[in-house]
Amino acid sequence: MTYESSISFAKKADQEDPLKKFRDDFHMPQYKGKDMIYFAGNSLGLMPKMSNSAVSDELEIWAKTGVLGQHNCWIDYHKHLTQSTATILGAKPKEVVVMNALTINLHLLMISFYQPTPKKNKIIIEHGAFPSDQYAVESQIRFHGYDPNDALIELRPREGETCLRTKDIIDTFNQHGDSIATVLIGSVNYYTGQAFEIEKITKAAHNVGARVAIDLAHGAGNLDLDLHNWEVDFAVWCSYKYLCGGPGSPGGVFVHEKHENWDGPRFNGWWGNKKATRFIMDSKFDPIVGAEGWQISNAPILAMACLRSSMAIFSNAGMPAIIKKSKKLTGYLEYLIGSLKDKIKIITPKDSKQRGAQLSLVVKKNAEEVFNGLNSNHIICDWREPDVIRVAPVPLYNSFVDVYRFYEIVKDLTK
Ligand SMILES: *Cc1c(COP(=O)(O)O)cnc(C)c1O
């Protein structure tokens, strides 16, 4: 696509956008009486208009049928989310289940897949990983009686660089060799916006005998994923960011088919038990084959109903079209901001395979003032200490005109 820096170009691109109708499926929030220009879908995705009725339908079943709703509608409710989730992640349906929240799921899968020994106890993560991931893995290491100062290896960019090079990641694996038990990597780093080359990283980690976990918080619904074919061991995500599931909406897990008959350590609960014997309360734990075997408790139906309404939009639009527009839209933002390069530095990789929708911008002067100025102009994006503004044009509801408006305002604010 050849871009032009003009409102007429942006309007034309919107007219020709095959996904333009989906913007109407979402509520556009307001700020001081005007529609927001919303670029914070990487923190909390917008609310689908269908979410209200999706939730009230389940409330009505509760009102009208009480416990019969449990038997007739809710026992397998999570399965309504399975196919659409599997499609988004490039997984087989039996490899995924929607449950709990991201960090809880990370702990549950680490309990199974991280079994350190004196010779093999290291965990590799990105330096500057999301704090929750850092806390989770440090506590896992301590739980097993090891010291994070020895067992936690952090991948750092080269001096003067902000993103990690895949080659350096792989060199670190080779350097630590078979002392590595687990590699945990974000699909997109929340701060820099860098999307990691999961396939290459997974292969390299497997070559030294490590298991690979992916945190898809910023990847699910944002990147073109193929977890099954990449042979990722396990993955976790949340659904309130790009997936628009609503505040605190349920996360999920991916467990590769190769682990489907897991008989190693696992924290069990009745919902992971085969349905046929689940209600024989004194029976021995007989796990469901595949990811569902990691379920513990019965599902939060109202929250899942909300998520179901957004997953329907994803299924309608289709990931290939979403990714296609995302690349164009974020490319447009990059093109426009590129003309302000003495004022703003983009720290997210240029290579569109190494990023999703988000660009992380470092404003060289008066960054906080610029950020506040954006807010006063109804633009909602977010600020990360010390100096980064994260901007995420989301293909399902952002437009080329949104991006152009952002550019005009940021240009004015950095004059
Ligand atoms: C958003 C996010 C989380 C959130 O964790 P919850 O358990 O859902 O609160 C975790 N990790 C990363 C990388 C995130 O971006």
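Keep in mind the model is a prediction, meaning the values are calculated, not measured.

S.K.: How should the site of the ligand be read in this particular structure?
M.R.: All residues adjacent to the ligand are Leu-102, Thr-103, Phe-130, Asp-133, Asp-215, Ala-217, His-218, Cys-238, Tyr-240 and Lys-241. With respect to the ligand, the side chain of Thr-103 contributes an N or O atom lying 2.6 Å from an oxygen atom. The contact in question runs from a nitrogen atom of the ligand to an N or O atom on the side chain of Asp-215, over 3.0 Å. Here the residues of the shell around the ligand sort into 5 nonpolar, 2 polar and 3 charged.

S.K.: What am I meant to see in the nonpolar core here?
M.R.: Nonpolar side chains tend toward joint burial in soluble globular proteins. Core analysis: the largest hydrophobic core is formed by 71 residues, its most contacted members being Leu-89, Phe-173, Leu-216 and Leu-396. Counting contributing residues, this core receives three or more from each of domain 1 (7–47 + 319–413) and domain 2 (55–314). Apart from residues lying up to four places away in sequence, Leu-396 is in contact with Phe-22, Arg-23, Phe-26, Ile-313, Phe-314, Ala-317 and Ile-322. Counting residues in hydrophobic clusters, the runner-up holds 33 residues, among them Tyr-3, Leu-340, Leu-361 and Leu-374.

S.K.: Looking at this structure, I do not really get the domain arrangement of the chain. What am I missing?
M.R.: By a widespread convention, an interface's size corresponds to the accessible area lost as its parts come together. Domain annotation of the chain identifies domain 1 (7–47 + 319–413) and domain 2 (55–314). Spacing between the C-alpha centres of domain 1 and domain 2 amounts to 28 Å. Taken together, the contact pairs 32 residues of domain 1 with 24 residues of domain 2. Summing both partners gives a buried area of about 2300 Å² for domain 1 against domain 2, and 60% of it is carried by carbon and sulfur. By the criterion of area lost to domain 2, the three top residues of domain 1 are Met-319, Ile-347 and Gln-354, representing 24% of everything that side buries. Counting every contact that joins domain 1 to domain 2 gives 0 salt bridges. Between the two partners, domain 1 and domain 2, sit 11 residue pairs in polar contact (both at pLDDT 80 or more). Going through the elements one at a time, α13 (319–338) and β15 (388–391) are the ones with two or more residues in the side of domain 1 that touches domain 2. Residue contributions to the side of domain 1 that touches domain 2 peak at 3 residues, all from α13.

S.K.: Any chance you could explain the sheet that holds strand β10 (residues 252–255) here in plain terms?
M.R.: Strand pairing in a sheet relies on backbone hydrogen bonds. The paired strands run either parallel or antiparallel. Taken in spatial order, the 7 strands of this open sheet run β4-β10-β9-β8-β7-β5-β6, and their pairing is mixed. Either end of the sheet is taken by a strand with one partner, and the two such strands are β4 (96–98) and β6 (152–155). For this sheet, the mean angle separating the axes of adjacent strands, direction not counted, is 15°. As paired strands, strand β9 (residues 234–237) and β10 are joined by 4 bridges and run antiparallel to one another. Of the residues in β10, the one forming a bridge with Val-236 is Val-253. Helix α5 (residues 102–113) contacts β5 (122–126), β7 (180–186), β8 (211–215), β9 and β10 of the sheet and is inclined by roughly 165° relative to β9. Strands in contact with helix α6 (residues 131–143) are β5, β6, β7 and β8; relative to β6, the strand with the most contacts, it is inclined by about 155°.

S.K.: Would you mind going over the packing of helix α4 (residues 82–89) against helix α12 (residues 301–317) with me for this structure?
M.R.: Axes are the key here: two packed helices are described by the angle between their axes and the distance separating the axes. Interaxial distance between α4 and α12 falls to 10 Å at its minimum, and their mutual angle equals 50°. Relative to α12, the element α4 lies oblique. For the pair α4 and α12, the crossing hand works out as left-handed. On the side of α4, the interface is formed by Ser-84, Thr-85 and Ile-88, while α12 contributes Met-311, Phe-314 and Ser-315. When the residues that make up the contact of α4 with α12 are grouped by side-chain class, the tally is 3 nonpolar, 3 polar and no charged.

S.K.: I'm lost on the sheet that holds strand β14 (residues 382–384) in this one. Help?
M.R.: The 4 strands lie next to each other as β11-β12-β15-β14, forming an open sheet whose pairing is antiparallel. Each edge of the open sheet carries a strand with a single partner, namely β11 (344–346) and β14. Neighbour-to-neighbour, the strand axes of the sheet open up by a mean angle of 35°, direction not taken into account. Pairing of β11 with strand β12 (residues 359–363), which is carried by 3 bridges, proceeds in the antiparallel orientation. Bridging across to β12, Ile-346 finds its partner in Leu-361.

S.K.: Mind showing me how you'd approach α6 here?
M.R.: At 3.6 residues per turn, the α-helix brings residues three or four places apart onto the same side. Between its terminal C-alpha atoms α6 stretches 18 Å, which fits the 18 Å expected from 13 residues at 1.5 Å a residue. Residues of α6 that are buried: Asp-133, Gln-134, Ala-136, Val-137, Gln-140 and Ile-141. The buried residues of α6 occupy an angular sector of 165° when projected down its axis, which confines them to one face. Away from the buried face of α6 by more than 90 degrees, exposed residues Tyr-135, Arg-142 and Phe-143 are located. If you follow the buried residues of α6, they end up packed against α5, β5, α7 (148–151), β6, β7 and β8. Just past α6, the residue Gly-145 takes up positive phi, approximately 85°.

S.K.: I'm lost on the packing of aromatic side chains in this one. Help?
M.R.: The geometry of an aromatic ring pair comes down to the distance between the two centres and the angle between the two planes. This model, assessed by the stated rule, comprises 20 aromatic pairs. Plain terms: the ring middles of Tyr-3 and Phe-9 are 6.3 Å apart, the flat faces sit at 85° to each other, and that makes the pair edge-to-face. In this structure, Tyr-3 and Phe-9 share a single accessibility class: buried. Summarising the aromatic geometry, the rings of Phe-130 and Tyr-190 are spaced 5.2 Å apart at their centres and angled 85° between planes, so their arrangement reads as edge-to-face. Note that Phe-130 is positioned in the loop between β5 and α6 and Tyr-190 in the loop between β7 and α9 (198–207), a separation of 60 residues in sequence. By relative accessible area, which is 15% here, Tyr-190 ends up buried.

S.K.: Teacher, can you tell me more about unusual backbone geometry here?
M.R.: Peptide bonds are, in most cases, trans, and in most cases residues other than glycine have a negative phi. Cis geometry marks the peptide bond from Glu-385 to Pro-386, where omega comes out at 0°. Locating Pro-386 in the fold gives a position in the loop between β14 and β15. Even without being a glycine, Lys-32 presents a positive backbone phi close to 45°. For Lys-32, a relative accessible area of 70% translates into the label exposed. In the Ramachandran plot, Cys-244 falls in the positive-phi region, its phi being about 60° despite a non-glycine side chain. For Cys-244, the location among the structural elements is in the loop between β9 and β10. Using a relative accessible area of 1% as the deciding quantity, one classes Cys-244 as buried.

Criteria and thresholds
Per chain, the residues get numbers from 1 upward, laid out in the order the sequence is written. Local features in this predicted model are restricted to residues of pLDDT 70 or higher, and side-chain atom pairs are both shown and tallied only at a pLDDT of 80 or more, whereas totals for entire chains, interfaces and linings draw on every residue. The basis for every side-chain value is the complete set of non-hydrogen atoms in the structure, without hydrogens or water. Any residue with a heavy atom positioned within 4 Å of a molecule or strand is treated as near that molecule or strand. Here a polar contact means two N or O atoms within 3.5 Å. Within protein one must be a hydrogen donor candidate and the other an acceptor candidate, and residues neighboring in sequence count only if both atoms are side-chain atoms. Residues are grouped as follows: Ala, Val, Leu, Ile, Met, Phe, Trp, Tyr, Cys and Pro are nonpolar; Asp, Glu, Lys and Arg are charged; every other residue, Gly included, is polar. Throughout this description, the term nonpolar core refers to a set of buried Ala, Val, Leu, Ile, Met, Phe, Trp, Tyr and Cys residues connected via side-chain atoms within 4.5 Å. Accessibility here uses a 1.4 Å probe with only protein chains present; expressed as a share of the type maximum, an area under 20% marks a residue as buried, one over 50% as exposed, and anything in between as partly exposed. Domain ranges listed in this record stem from an automatic or a database domain assignment. Any two residues having at least one pair of non-hydrogen atoms within 4.5 Å are treated as being in contact. Note on terms: buried area is the combined drop in 1.4 Å-probe accessible area of two parts once they are placed together, counting the loss on both. By convention in these notes, a salt bridge is any Lys or Arg side-chain nitrogen within 4 Å of a carboxyl oxygen on Asp or Glu. Labels follow the DSSP assignment, with helices taken as runs of H or I lasting at least four residues and strands as runs of E lasting at least two, numbered in each case from the N terminus. In this description, strands pair whenever DSSP reports at least two bridges between them. A fitted line through C-alpha atoms serves as each axis, taken over the contacting stretch for helices, and the angle formed by two N-to-C directions is quoted from 0 to 180°. Reported orientations rely on four angle classes, namely roughly parallel under 35 degrees, roughly antiparallel over 145, roughly perpendicular from 65 to 115, and oblique for the rest. A clockwise turn of the near helix away from the far one marks a right-handed crossing, whereas an anticlockwise turn of less than a right angle marks a left-handed crossing. A helix is expected to span 1.5 Å multiplied by its residue count minus one. Picture the helix axis, draw a direction to every C-beta atom, and the arc is the one those directions span. Side-chain rings of Phe, Tyr and Trp (the six-membered ring for Trp) are treated as a pair once their centres are within 6.5 Å; stacked means planes under 30 degrees apart, edge-to-face means over 60, and tilted covers the remaining angles.

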